[in-house]
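# Descriptive structure summary
Here is how the chains run, residue by residue.
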Amino acid sequence: MKIVVCVKQVVDTTPPVELDFRTSRLPGNLNYIVNPADENATEEALRLKERHGGEVILISAGPPRITRALRACLAMGADRAIHIWHPALEEGDGLVTAQLLARAIAPLSPDLVLCGNRSLDEGTGQVPPALAEFLGLPQITGVTLLEVSPAEARIMAHRKLEKGCRQVVKSGLPALVSVDTSINRCRYPAFRSVRWARKEPITTLDYEALGIEPPDCPTHLVKLAPPRPRPKKTLTMDSSLSPEERVRQLMSGGLAEKKTTLWEGTPEDLATRLARVLTQEHFFPPNADNPGRDGH
Amino acid sequence: MGSRDLWVLAEHSGGAWQEVTLELLGEAKRLAPLVRGKVIALLLGKEVSAVAADLAEYGADTVYVVEHPVLETYITEAYTSILHGLITREKPEVLLLGATSLGRDLASRLAARLKSGLVAECVALGVNSQGLLEMTRAAYGGSVYATRICPEARPQIVTVCPGVIGKEKPDKRRRAEVIELKVDIDPDSFQTQIAGVIPADPKTIDISEADVLVACGRGLGSKEKLTLIQELADALQAAVGGSRVAIDNGWLPAERQIGLTGKTVSAKLIIACGISGASQFMAGIKDCQFVIPVNTDRAAPIFKIADVGILADMHKFLPSLISQLGRRT
Ligand SMILES: Cc1cc2nc3c(=O)[nH]c(=O)nc-3n(C[C@H](O)[C@H](O)[C@H](O)COP(=O)(O)OP(=O)(O)OC[C@H]3O[C@@H](n4cnc5c(N)ncnc54)[C@H](O)[C@@H]3O)c2cc1C
């Protein structure tokens, strides 16, 4: 089986990234890591190779620093890596990246293309479906379990739906699958392969080598701004609180301190009181379709 | 020239609307006069025309209904081909989708086929002085909001995160024109097939997806005591999570860790037993709605964000609570 894995390098978002909003510049000391879901995609590819044989090719579109991400995934055990770069890519969005990747992947005629389902920094997951479209492949996104039968050229996948449900999808090969981070646990690379990966040559392709013009990006960035406080729905206000306290709760999103009275008493008393509250708040008895406060 | 209409892809499954569909309709109704268009809801499904009228109450002026047996569940190929056909024919100005498992899968594929612009996972929408949609989403893990426009390509495609806009009260008097559309689809030509849906199991559900959570920390004391946590979780059909201490001690597997280096959870209810509330743990539960700590230390920081704080020894309190709940069924 020939498997292509798309790898992206992302800004490590812990600690939070501080942007200078006057210049819209990112701080220079950013820490870049392999996008976690892409690492899982690499792991999944390596497991498939171990079981069915074949080749794992990594591909990444981005500035030269991105080769570090490729080397990290090479060290996990991939066979080779391709790097694509052109300065025009800097302004582009997922659609542009997908077009470039498609151009580089198509001549490889892989049986399977694996991606991470979303990136840590942007979190949009725009590339995999667009890439599948440009390659003319069926797609299965948000995959938590993958079974491949190379002999029949078929795959079966569990795809993440809302609230823990899974859709069971079958497809023929070739196909594109984007994986969720829960699909596997990544291996630690062996020291020997880290050393090898550090020296392994990586081909860099530009538009010329790919034989295309830089594609237009349909969307333009117009503004970067500090986040607004999350317009979070507030809980039903506790009428025993003072008006000031209630306003403060309304105004503060997220980790608002709540004025809680601690319940004290015997375990039995406390249990009776809490069971009553859980019932009142519709958490009990549990209702699989609609737990909790919805519907008020 | 295209129309100036705003299309909203409606999601209806298991006899209910996706909340975000109703949120999007309200948002489209608000934006419609600024874009000078109408709100058109698209409803694809097996037998869905009966519920189409609901969409009017939330803001749709017109509902396009497409019915076909293969549309019973979402399938990328069918949705992409139907929407691509309708959009190239009617040329709407805007297409809004929820950032759901469906919207995420479809929007980007469709944008690629239409060679149009997509801004995914938006948290706010506006319209600028030229009538262009301003689409704002979080970047760099949420520390920056980036606003983009799509000046030329049409439609302007957006996915919007569920739960950020909030839905409006339905207006029972609003009516919409319901138009049934016939489409040609040949399921035999599809390369993918849907083999079914596996319902969520509280025991295996990813904690980040769980609506109800019971979490434990150092106060649990030993792995044997986990049965207490599991019994409460069973009674509430909750998933089990823990602080890093619970994971480091080998009481729970790593994928159940809540917090900065674990997962962010957004449960409607979390009962946190024997957890002090270190900042790294709190970072993981900031999106939870109803927080109930059980702790012996009245100074434990977790009590600061409690809705109900239980000052008690969890090993005495939890058995009482479990038997109380047992008596109530
Ligand atoms: C870089 C970094 C990242 C980290 N990431 C995470 C993370 O992702 N998630 C995380 O959880 N932690 C994380 N931590 C660790 C964090 O700082 C705390 O050490 C940890 O959260 C404490 O776990 P705890 O509350 O279970 O234990 P403790 O802080 O020891 O608290 C135990 C609590 O149990 C109470 N208690 C004891 N006995 C009982 C009883 N019988 N009944 C009721 N209550 C009882 C005590 O009063 C106490 O409040 C991180 C730390 C660092 C430095």
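Residues numbered from 1 in each chain as written. Chains lettered and ligands numbered in written order. Predicted model: local features only at pLDDT ≥ 70, side-chain atom pairs only at ≥ 80, totals over all residues. Heavy atoms only, no water.

### A word on the pairing of strand S5 (residues 62-67) of chain B
All names here are of chain B. Among the 6 residues in S5, 5 count as buried, and that is most of the element. Summarising the sheet, strand S4 (residues 39-45) and S5 pair through 6 bridges and their orientation is parallel. Counterpart to Leu-42 in the pairing with S5 is Tyr-64. The pairing of S5 with strand S11 (residues 177-181) spans 5 bridges and is parallel. In the sheet register, Val-66 faces S11, and the bridge partner there is Leu-181. (Buried < 20%, exposed > 50% of the residue type's maximum accessible area, 1.4 Å probe, protein only. Helix = DSSP H or I, 4+ residues; strand = E, 2+ residues; numbered from the N terminus. Pairing = 2+ DSSP bridges.)

### Quick look at the sheet that holds strand S10 (residues 156-160) of chain B
A sheet is described by the order of its strands in space; here 10 strands give the open sequence S12(A)-S9(B)-S8(B)-S7(B)-S10(B)-S6(B)-S1(B)-S4(B)-S5(B)-S11(B), paired in mixed fashion. Among the strands making up the open sheet, the edge pair consists of strand S12 (220-225) of chain A together with S11 of chain B. Pairwise comparison of adjacent strand axes, ignoring direction, gives a mean angle of 35° for this sheet. Across the face of the sheet, helix H4 (residues 101-114) of chain B comes into contact with strand S1 (6-10), strand S6 (94-98), strand S7 (118-127) and S10 of chain B while running at roughly 155° to S6 of chain B. (Axes fitted to C-alpha atoms, helices over the stretch in contact; angles between N-to-C directions. Contact = heavy atoms within 4.5 Å.)

### What to know about the nonpolar core
Core analysis: the biggest nonpolar cluster contains 40 residues, and Ile-229, Leu-236, Ile-310 and Phe-317 of chain B have the highest contact counts within it. Among all residues touching Ile-310 of chain B, those that are not within four sequence positions of it are Trp-263, Leu-270 and Leu-274 of chain A together with Ile-292, Pro-293, Val-294, Asn-295, Phe-303 and Phe-317 of chain B. Membership of the second largest hydrophobic core comes to 37 residues, among which are Leu-43, Ala-60, Val-94 and Val-123 of chain B. (Core = buried A, V, L, I, M, F, W, Y, C linked by side-chain atoms within 4.5 Å.)

### Comments concerning the confidence of the model for chain A
All names here are of chain A. Per-chain confidence: chain A averages 86 in pLDDT, with 86% of residues scoring 70 or above. Within the model, pLDDT remains below 50 along residues 230-237, and this stretch shows 19 contacts once partners closer than five positions in the same chain are excluded. Here residues 288-296 scores under 50 on pLDDT; set against residues more than four positions off or in separate chains, the count is 18 contacts. (pLDDT = per-residue confidence, 0-100.)

### Structural notes on the pattern of salt bridges
Summed over all chains, the structure comprises 30 salt bridges over all chains. Lys-46 of chain B is the partner of Glu-72 of chain B in a salt bridge, and the nearest nitrogen-oxygen pair spans 4.0 Å. Of this pair, Glu-72 of chain B sits in the loop between S5 and helix H3 (76-90) while Lys-46 of chain B sits in the loop between S4 and helix H2 (54-58), placing them 26 residues apart in sequence. Each of Glu-43, Arg-47, Glu-50 and Arg-187 of chain A takes part in one network of salt bridges that share partners. (Salt bridge = Lys/Arg side-chain N within 4 Å of Asp/Glu carboxyl O.)

### Brief notes about the interface of chain A and chain B
Between chain A and chain B, the contact holds 92 residues from the first and 93 residues from the second. Together chain A and chain B conceal approximately 8,200 Å² of surface at their shared face, both sides included; 58% is due to carbon and sulfur atoms. Counting across the chain A and chain B interface gives 8 salt bridges. A salt bridge links Arg-113 of chain B to Glu-133 of chain A, with the shortest nitrogen-to-oxygen separation between them at 2.9 Å. Across the contact surface, chain A and chain B share 34 residue pairs in polar contact (both at pLDDT 80 or more). It is helix H8 (residues 267-280) of chain A that contributes the most residues to the side of chain A that touches chain B, 11 residues altogether. Of the residues that constitute the side of chain A that touches chain B, the class distribution is 43 nonpolar, 22 polar and 27 charged. (Buried area = accessible area lost by both parts, 1.4 Å probe. Polar contact = N/O pair within 3.5 Å; in protein donor to acceptor, adjacent residues only side chain to side chain. Nonpolar A, V, L, I, M, F, W, Y, C, P; charged D, E, K, R; others polar.)

### With respect to unusual backbone geometry
With an omega of -5°, the peptide bond between Phe-284 of chain A and Pro-285 of chain A qualifies as cis. Within the element layout of this structure, Pro-285 of chain A appears in the segment after H8. Omega for the bond connecting Arg-154 of chain B with Pro-155 of chain B falls within 30 degrees of zero, at -5°, which places this linkage in the cis form. Within the secondary structure layout, Pro-155 of chain B lies in the loop between strand S9 (144-149) and S10. Residues other than glycine seldom take positive phi values, yet Glu-121 of chain B does so here, at roughly 60°. Its location among the elements puts Glu-121 of chain B in strand S7. Judged by relative accessible area, which is 10%, Glu-121 of chain B ranks as buried.

### Points about the pairing of S7 of chain B
All names here are of chain B. Burial within S7 is extensive, with 8 of its 10 residues counted as buried. Pairing of S7 with S10, which is carried by 3 bridges, proceeds in the parallel orientation. Pairing of Cys-122 across the sheet is with Val-160, part of S10. In this sheet, strand S8 (residues 133-139) lies alongside S7 in antiparallel orientation, the contact comprising 5 bridges. Within the sheet, the bridge partner assigned to Ala-124 lies in S8 and is Thr-136.

### Comments concerning the site of the ligand
Residue and element names in this part refer to chain B. Taken together, 26 residues are adjacent to the ligand, and Arg-218, Ser-243, Thr-261, Ser-276 and Asn-295 come closest. A distance of 3.0 Å is found between an oxygen atom of the ligand and a backbone nitrogen or oxygen belonging to Leu-260. In the environment of the ligand, a nitrogen atom lies 2.7 Å from a nitrogen or oxygen atom belonging to the side chain of Thr-261. Here the ligand loses 74% of its free accessible area of 990 Å² to cover by the protein chains. (Near = heavy atom within 4 Å. Areas by Shrake-Rupley, 256 points an atom, 1.4 Å probe, with all protein chains shown as cover.)

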